[in-house]
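# Survey of secondary and tertiary structure
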Amino acid sequence: MTDQSVCSIVNFLGYVMGNLFSLLLITPVIISLLSSCSIWEQLGQTPSGEMLSNYGKSPHFNQETQVLENRIPDILEKMNERIDWRLTLEYFTSDSSRRTPDKPLPEVNPPDLRAFLEPTDSLRFIWLGHSTLLVNAQNKLILFDPVFSNSAAPVNFLVQRFQPATLSLEELPPIDYIVISHDHYDHLDMRSVQFFRDKEATFLVPLGIKSHLEYWGVASKNIVELDWWADHEFEGIRFVCTPAQHFSGRTGTNQTTLWASWVVDSPNSKIYFSGDSGYDEHYQKIGDQLGPFDAAFIDSGQYNERWREVHNLPEEAVQAAIDLRAKQMIPIHWAMFELSLHDWDEPIKRSQQAAEELGMELMTPKLGQVVDLSLKNQFSHWWEQVQ
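Residues numbered from 1 in each chain as written. Predicted model: local features only at pLDDT ≥ 70, side-chain atom pairs only at ≥ 80, totals over all residues. Heavy atoms only, no water.

### Section: the overall build of the protein chain
Under the convention used in this document: In this text, helices come from DSSP runs of H or I with a minimum length of four residues, and strands from runs of E with a minimum of two, each type numbered from the N-terminal end. C-alpha atoms define the radius of gyration, and 2.2 Å times the number of residues to the power 0.38 defines the globule rule. Relative accessibility decides the category of a residue: with a 1.4 Å probe and only protein chains considered, values under 20% of the type maximum give buried, values over 50% give exposed, and everything between is partly exposed. Using the Shrake-Rupley algorithm and a 1.4 Å probe, accessible areas are obtained, with residue cover drawn only from the displayed protein chains. By the counting rule applied here, Lys and Arg register as positive and Asp and Glu as negative, while His and the ends of each chain are not counted. Charged side chains are reduced to one point each, which is NZ for Lys, CZ for Arg, CG for Asp and CD for Glu.
In terms of regular secondary structure, the protein chain is built from 11 helices and 16 strands. Whereas a compact globule of 387 residues would reach a radius of gyration of roughly 21 Å, the protein chain reaches 20 Å, a difference of no more than 12%. The principal-axis extents of the C-alpha atoms in the protein chain amount to approximately 60 × 50 × 40 Å. The burial tally for the protein chain puts 61% of its 387 residues in the buried class. Accessible surface computed for the protein chain: about 15600 Å², of which carbon and sulfur atoms make up 49%. Within the protein chain, one finds 29 positive and 52 negative side-chain charges whose respective centroids are separated by 2 Å.

Below, the structure is given as structure tokens:
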């Protein structure tokens, strides 16, 4: 078998992996083929030995199984009982004509960086698609889950972007802080991480992610690793690592790195970033302990009834914003990658309907649009321009 043939097989298997959780069934095959494609570096390096044993102090770490757990320890096992070969069959046989847009999505390109960078006592943001956000919190620049690569997979052929980001890595202004939610490829991008390894940005990450970053060349002094409910303050901005209901792993569900949501609390504004999560009581607890929030960026896409434990349905995402006591909600985790069976624009349509029914103010910026929380922003139903 040629290297090209092997890589083609990996691409096929990886596509299934990225979209349908079938990795649990095909991990041994993938691992046996990866060596022929020279992509080991993309897999990162999970904690082991002394680093892993240090997590024993975490209440979320199971000493017996040596893995990190959700509030409900067996929730993934219950979910996986509903996911089998029939789901893979459905993926390849059901109508896929609207899982991706038929033309580039409307965007503001280039973004108005002059307006974005003007001194402010408030908070501005630019949504770059999926879960990548650029935030100006009182003149400190924060980048959430930066994914600028062409794909959200260990090989470039898989899970490709709908379109390039409205800002490239090279076009970004100097970043002060980089916040990571977990280690899945659509949130932790090796190429993006390596771009910052020789810069002054500080990474804030959940337990275990530090191992990946150091493996990719980021200095330990530039990494702050936190457990749920732990916090760290820089220059008057408080970062709180908060719970999520999800899983982790770049070669399967090995659960040796933590998944998290984040609160960013600056003197005049407070925001919540969900990362990836299914709906659970943590939203209410975060709202009670750390709310209210000026804005909440909440996972609202790539869902399915069969894996709703790890991704909110849109209606659940809106309810989560209410639980958090958020003034405004921005749906994220949609409009850039195909990682589920639903139409590409279904998340925003369902979010809009739920927000109207439940009385939540929904912000729907275009890709690249500068949004200022201190101003009355103008939004449109831009997704209606695309099939």
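### Points about the pairing of strand 11 (residues 261-266)
We apply this condition: Paired strands, as defined in this entry, are two strands with at least two bridges between them according to DSSP.
Across the 6 residues of strand 11, 5 count as buried, placing the element largely inside the fold. Bridging between strand 10 (residues 237-242) and strand 11 involves 5 bridges; their strand directions are antiparallel. In the strand pairing of strand 11, Val-240 is matched with Val-263. Both strand 11 and strand 12 (residues 269-273) contribute to a ladder of 5 bridges, which runs antiparallel. Counted as the bridge partner of Asp-265 is Lys-270 from strand 12. Counting the residues that bridge the hairpin from strand 11 to strand 12 gives 2 residues.

### Some remarks on the packing of aromatic side chains
For any pair of aromatic rings, geometry is given as the distance between the ring centres together with the angle between the planes. Short version of the rule: Think of it this way: a Phe, Tyr or Trp ring, Trp meaning its six-membered ring, pairs with another when their centres are within 6.5 Å, and the plane angle makes it stacked under 30 degrees, edge-to-face over 60, tilted otherwise. Definition used: whenever NZ (Lys) or CZ (Arg) falls within 6 Å of the ring centre and also within 35 degrees of the ring normal, the charge is taken to sit over that ring.
Throughout the structure, instances matching the rule amount to 15 aromatic pairs. Aromatic side chains Phe-125 and Phe-297 sit 4.9 Å apart centroid to centroid with 90° between the ring planes, which places their arrangement in the edge-to-face category. Here Phe-125 is found in strand 3 (residues 123-127), whereas its partner Phe-297 is found in strand 13 (residues 295-299), with 172 residues between them in sequence. For the pair Phe-125 and Phe-297, a shared accessibility class is recorded, and that class is buried. Following the ring pairs from residue to residue traces out a cluster consisting of Trp-127, Trp-334, Trp-344, Trp-382 and Trp-383. Just above the ring of Tyr-185 sits the side chain of Arg-250; from NZ or CZ to the centre is 3.9 Å.

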